[in-house]
Amino acid sequence: MEIGIDSFVASHHSGPTGDVERVRQLLEQIELADREGLDVFGIGEHHRPDYVSSAPAVLLAAAAARTSRIRLASAVTVLGTEDPVRVFQQFATVDLVARGRAEIVAGRGSFVESYPLFGCDLEDYDALFAEKLELLLRLRSSTRVSWSGRFRPPIDDRGVYPRPAQERLPVWIASGGTPASIARAARLGLPVVVAIIGGQPAQFRPLFDLYRSTASAHASPGADHRLGLHSIGFVADTDAQARETFWPGWRDVFTRLGRERGWAPPTRAQFEAQCDPHGALVVGSPETVTAKLLATRHALGGLDRVNVVLDNALLTHEQTMHATRLLATRVAPALRAAVD
């Protein structure tokens, strides 16, 4: 089982000077993850003032030049508001810099700021994604492409360059738990990563079973039917330290989200429940985090990859780096020993 980190590059400061420092910290964290043996690092796409990640491919290219083995992915690429030709070209270029370590994780997006920003209609939310995913996969399989659709000018036998270092650039589908998106990924022979950031992971087992049964019914040569999990968490030396350190940032994030989406402010009791063995948050000592991830893997019927978001705007860089080191040197080896 692969273990890695996702980041939305939460901004600790406002203004260009602070963002320069935040990008430096991000690259330092990715270098540490690479050096200590984590399998993958993903950077999400957000178009909000509290994140420095509107252009993940640029950040991943910078990371590619400073690392040697870790796989580098988006987390996610909001494909519905992107031009698939440019997405493919950008990640093919990242793949060349990384010498074959780039991956695209494509999703519809849990935030919608990019839709009006790029002139897209939210009423076309799913149709945009489906059509652009079709084109992206066509670009992956053929250098010269002819194509037409509703949302983009047609392509008439044009070559798309550069080609990636990998023969087949990995494309994952990200899902927040929609059965239709899970089934679509399985039918297309694409790996899927499910974001479980609340509730109990065991409640998501039917989605994982749906993916497996659909994949079995649509098995084809070259299909990649891996299953991944996107979680939120934090690792510290003790359970108490992890919870006390992580609670303020978690409360801050979900308080702001709650204002936008009409949720009640989160409580400490809710946080503690999510940190308990059956909750979705992966927060604790290395031993606790290892046990929880193994239990989650069992509850979901198996996993091929787990990525954990370890940072938020209220954590210091030192705290995030220590959590990264513990995940890489204590949690990941224990998980691999238990699973492999």
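Structure's up top.
Draft legend 1. Representation of the overall build of the chain within the structure. Within the chain, the secondary structure is distributed over 11 helices and 12 strands. Taking 340 residues into account, the globule formula puts the C-alpha radius of gyration at 20 Å, and the chain, at 19 Å, falls close to it. Structurally, the chain occupies a C-alpha span of about 60 × 50 × 45 Å along its principal axes. When the 340 residues of the chain are sorted by exposure, 53% land in the buried category.

Draft legend 2. Quick peek at helix α5 (residues 125-141). For α5, spanning 17 residues, the distance from its first C-alpha to its last is 25 Å, which sits close to the expected 24 Å at 1.5 Å a residue. Residues of α5 that are buried include every one of Leu128, Phe129, Glu131, Lys132, Leu133, Leu135, Leu136, Leu137, Leu139 and Arg140, and no others.

Draft legend 3. Summary view of the pattern of salt bridges. On inspection of all chains with the given rule, the structure shows 29 salt bridges. Several salt bridges share partner residues, and in doing so they unite Glu2, Arg71, Glu103, Asp224, Arg226 and Arg305 into one network.

Draft legend 4. Layout of helix α11 (residues 317-339). Here α11 contains 23 residues, and its C-alpha end-to-end distance of 31 Å stays within 8% of the 33 Å for a straight helix at 1.5 Å per residue. Approximately 35° is the largest bend angle found in α11, and it occurs at Leu327. For α11, every residue scored as buried is listed here: His317, Thr320, Met321, Ala323, Thr324, Leu326, Leu327, Ala328, Val331, Ala332 and Leu335. Looking at the packing, one finds that the buried side of α11 touches β1 (2-7), α1 (16-35), β10 (227-235) and α10 (286-299).

Draft legend 5. Spotlight on the packing of α10 against α11. The geometry of α10 relative to α11 is characterised by a closest axis approach of 9 Å and an angle of 40° between their N-to-C directions. Considered as vectors, α10 and α11 are oriented oblique to each other. Our pair here, α10 against α11, has a crossing hand that is right-handed. Residues Pro286, Glu287, Val289, Thr290, Leu293, Leu294 and Arg297 of α10 pack against Leu326, Arg330, Val331, Ala334, Leu335, Ala338 and Val339 of α11. Classifying every residue of the contact of α10 with α11 gives 10 nonpolar, one polar and three charged.

Draft legend 6. Inspection of the pairing of strand β12 (residues 305-309) at higher detail. A large share of β12 lies buried, amounting to five of its five residues. Neither face of β12 is left uncovered, since the one carrying Arg305, Asn307 and Val309 and the one carrying Val306 and Val308 both have all their residues buried. The sheet contact formed by β1 and β12 spans five bridges and is parallel. Counted as the bridge partner of Asp6 is Val309 from β12. Alignment of β10 against β12, held across five bridges, turns out to be parallel. By the bridge assignment for β12, Ile232 is matched with Val309.

Draft legend 7. Geometry of the environment of Pro286. Its place among the elements puts Pro286 in helix α10. For Pro286, a relative accessible area of 2% translates into the label buried. Considered as a pair, Pro286 and Ala334 are 48 residues apart in the sequence and their alpha carbons are 9.0 Å apart. With residues up to four places along the chain from it excluded, the contact list for Pro286 reads Val235, Ala236, Asp237, Leu326, Arg330 and Val331.

Draft legend 8. Fine view of the packing of aromatic side chains. Within this structure, the stated rule accounts for seven aromatic pairs. Taken together, a centroid distance of 5.1 Å and an interplanar angle of 35° make the contact between Trp250 and Phe254 tilted. Linking Trp250 with Phe254, this pair stays in helix α8 (residues 239-261), spanning four residues, or about one helical turn. Accessibility classification places Trp250 together with Phe254 in one group, the buried group. Considering the side-chain rings of Trp250 and Phe271, the 5.3 Å spacing of their centres and the 50° angle between planes classify their relative orientation as tilted. Within this pair, whereas Trp250 is found in helix α8, its partner Phe271 is found in helix α9 (residues 268-275), the two being separated by 21 residues in sequence. Each member of the pair Trp250 and Phe271 is classed as buried. The cationic tip of Arg261 hangs over the ring face of Phe111; the distance from NZ or CZ to the ring centre is 4.9 Å.

About the cut-offs
Each chain carries its own residue numbering, running from 1 in the direction its sequence is written. Local features in this predicted model are restricted to residues whose pLDDT is 70 or higher, and side-chain atom pairs enter the listing and the counts only when it is 80 or higher, whereas totals over whole chains, interfaces and linings include all residues. The basis for every side-chain value is the complete set of non-hydrogen atoms in the structure, without hydrogens or water. By the criteria applied, helices consist of DSSP H or I runs no shorter than four residues and strands consist of E runs no shorter than two, each listed in order from the N terminus. Both definitions apply: the radius of gyration is a C-alpha atom measure, and the globule rule equals 2.2 Å times residues to the power 0.38. Burial classification: accessible surface area is computed with a 1.4 Å probe over protein chains only, and a residue below 20% of its type maximum counts as buried, one above 50% as exposed, and the rest as partly exposed. The span you would expect from a helix comes to 1.5 Å times its residue count less one. Salt bridges, as used here, are contacts in which a Lys or Arg side-chain nitrogen is within 4 Å of a carboxyl oxygen on Asp or Glu. Bend, in this description, refers to the angle at a residue between axes fitted to the seven residues ending there and the seven starting there. Contacts are residue-level and defined by heavy atoms, with any inter-residue pair within 4.5 Å sufficient. To obtain each axis, a line is fitted to C-alpha atoms, and for helices this fit is confined to the stretch in contact; angles are then taken between N-to-C directions over 0 to 180 degrees. If an angle is under 35 degrees, it is roughly parallel; if it is over 145, roughly antiparallel; if it lies from 65 to 115, roughly perpendicular; otherwise it is oblique. Crossing handedness: left-handed means the near helix sits turned counterclockwise from the far one by under a right angle, and right-handed means the same turn made clockwise. As a working rule, the residues Ala, Val, Leu, Ile, Met, Phe, Trp, Tyr, Cys and Pro are called nonpolar, Asp, Glu, Lys and Arg charged, and the rest polar, with Gly in that last group. Being paired, for any two strands, means DSSP has found at least two bridges between them. Under the pairing criterion, centres of Phe, Tyr and Trp rings, with the six-membered ring standing for Trp, must be within 6.5 Å; the plane angle then separates stacked pairs below 30 degrees from edge-to-face pairs above 60, leaving the rest tilted. Geometrically, a charge over a ring is one whose NZ (Lys) or CZ (Arg) sits within 6 Å of the ring centre while staying within 35 degrees of the ring normal.

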